[in-house]
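Survey of secondary and tertiary structure
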Amino acid sequence: MKQNNYNIAVFAGDGIGPEIIKEALKILKIIAEKKKLNLQLHEGLAGGCAYDRFGVPLPDASLELALQSDAVLLGAVGGPQWESLDYKVRPERALLALREKLGIFANLRPVVVFEELLEASPLKKNIVQGIDIMIVRELTGDVYFGKPRGVKKGKDGKRYGVNTMVYSEDEIRRIAVRAFEIARTRKKNLLSVDKANVLECTELWRNVVTEVGQNYPDITLKHMYVDNCAMQLIRNPAQFDVIVTSNLFGDILSDEAAMLTGSIGMLPSASLGEKKALYEPIHGSAPDIAGKNIANPLATILSAALMLRYSFSMQPEAELIEKAVAETLKEGFRTQDIHQPGTKLISTEAMGDAVAKNVRNLLN
Ligand code: NAD
């Protein structure tokens, strides 16, 4: 990546994907123009739209595009019209293939409650006020990939379901390093979540994270059992800064944490490898509202902000986008999913325009 030269592969995908990606690109183009960045946006097909055209969810040309790029920005894939297809060609396979080929091993989900959306949380205002959590979930190991696995018949003639929880110390070290580095850019607190009291695999997790921590004396490392963490996320979520955890626990805890904000259309994500990264909103393609210009584009816009932060080290620009989003909410603008009496209901496009206006104001 040459100085000020950034190649981004853009896959809008299916359903609301093209509508929300359009708004995120609007914001990136303004930043690029004002900051004189050479932002090359290369659009490609992935998901159901690629299947319709080429018979596969991730054509070779799209994979090549992703591999040649510095980062990937994705809308969402999938929809009911592709649900009866064979698993191998389902739109969602495009995402799995992209993650694998890009060598992605860390999923980052920031969980931030915007002051203006406190009422949208299912929890009481005083509990969610001010929360700013970063969940770092390991993506390549654990029971999802461990062997042996399957359902087998035992000698007693009964069926046994088996999955294997397995982590190598290298896999743990890799995600721990990433989590410590992230903690360094925040409030310098890292919580590692495991079940070391009963699972040897996660006892190794705890030991390796502790070893890595010796290289980060500036970070306060704590450990918590996953059952307690699930409870604390509801009881007192404001206590958390960065949480690092394994694939299975992270899958569950990140969805629980997402609900603290009460609005799926607001939450971005980053999936990082050693060199490559993929950015996307956490929600799906929302086929029920696709094509109506009513989807919330903010999760995608915030995903673009994460791209600037984690792939291009553009922390001030990332913060600027986040501030512009907060400002837009403060002005009372809302898409239908976060609309409440007394706020101004606007379309996907108008929300993109409102954020764009605030980005311009903040840049001036
Ligand atoms: P979904 O996230 O698409 O939608 C769930 C609900 O949230 C729907 O009512 C939808 O209208 C609403 N919603 C989602 N995003 C929104 C937004 N930005 N603004 C306003 N409302 C929004 O989940 P689903 O309905 O279970 O799945 C639909 C399709 O998306 C399926 O084919 C599924 O496989 C796919 N999917 C894709 C991804 C991905 O691409 N990463 C993730 C999850 C689901």
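Residues numbered from 1 in each chain as written. Predicted model: local features only at pLDDT ≥ 70, side-chain atom pairs only at ≥ 80, totals over all residues. Heavy atoms only, no water.

What about the pattern of salt bridges?
Rules: Salt-bridge detection follows one rule: a side-chain nitrogen of Lys or Arg within 4 Å of a carboxyl oxygen of Asp or Glu. Note on conventions: DSSP H or I runs of at least 4 residues are helices, E runs of at least 2 residues are strands, and numbering of each starts at the N terminus. Burial here depends on accessible area, computed with a 1.4 Å probe over protein chains only, as a share of the maximum for the residue type. Under 20% is buried, over 50% is exposed, and the range in between is partly exposed.
One pass over the structure, following the stated rule, counts 18 salt bridges. Among the salt bridges present, the one from Glu317 reaches Lys35, with a minimum N-O distance of 3.6 Å. Placement of the pair is Glu317 in helix H11 (residues 315–330) and Lys35 in helix H1 (residues 17–35), with a sequence separation of 282 residues. When its relative accessible area of 11% is taken as the criterion, Glu317 is described as buried. The class for Lys35 is partly exposed, based on a relative accessible area of 39%. Arg137 is the salt-bridge partner of Asp251, the closest N and O atoms lying 3.9 Å from each other. Linking Asp251 in helix H9 (residues 247–261) with Arg137 in strand S5 (residues 132–138), this pair joins segments that are 114 residues apart in sequence.

Here's the deal with the site of the ligand
Filter applied, for reference: For this description, a residue counts as near a given molecule or strand if any of its non-hydrogen atoms is within 4 Å of it. Here a polar contact means two N or O atoms within 3.5 Å. Within protein one must be a hydrogen donor candidate and the other an acceptor candidate, and residues neighboring in sequence count only if both atoms are side-chain atoms. Per-residue accessibility takes into account occlusion by the displayed protein chains alone, with areas from the Shrake-Rupley method and a 1.4 Å probe. Under this grouping Gly is polar, as are all residues other than the nonpolar Ala, Val, Leu, Ile, Met, Phe, Trp, Tyr, Cys and Pro and the charged Asp, Glu, Lys and Arg.
Near the ligand you find 20 residues, and of these Val77, Glu92, Gly284, Ala286 and Asn296 are the closest. Here a nitrogen atom of the ligand sits 3.2 Å away from a polar atom, N or O, in the side chain of Glu280. Bound to the protein, the ligand loses 69% of the 810 Å² it would expose on its own. Looking at side-chain class alone, the shell around the ligand contains nine nonpolar, seven polar and four charged residues.

Purely geometric stuff here, so don't read any function into it on its own.
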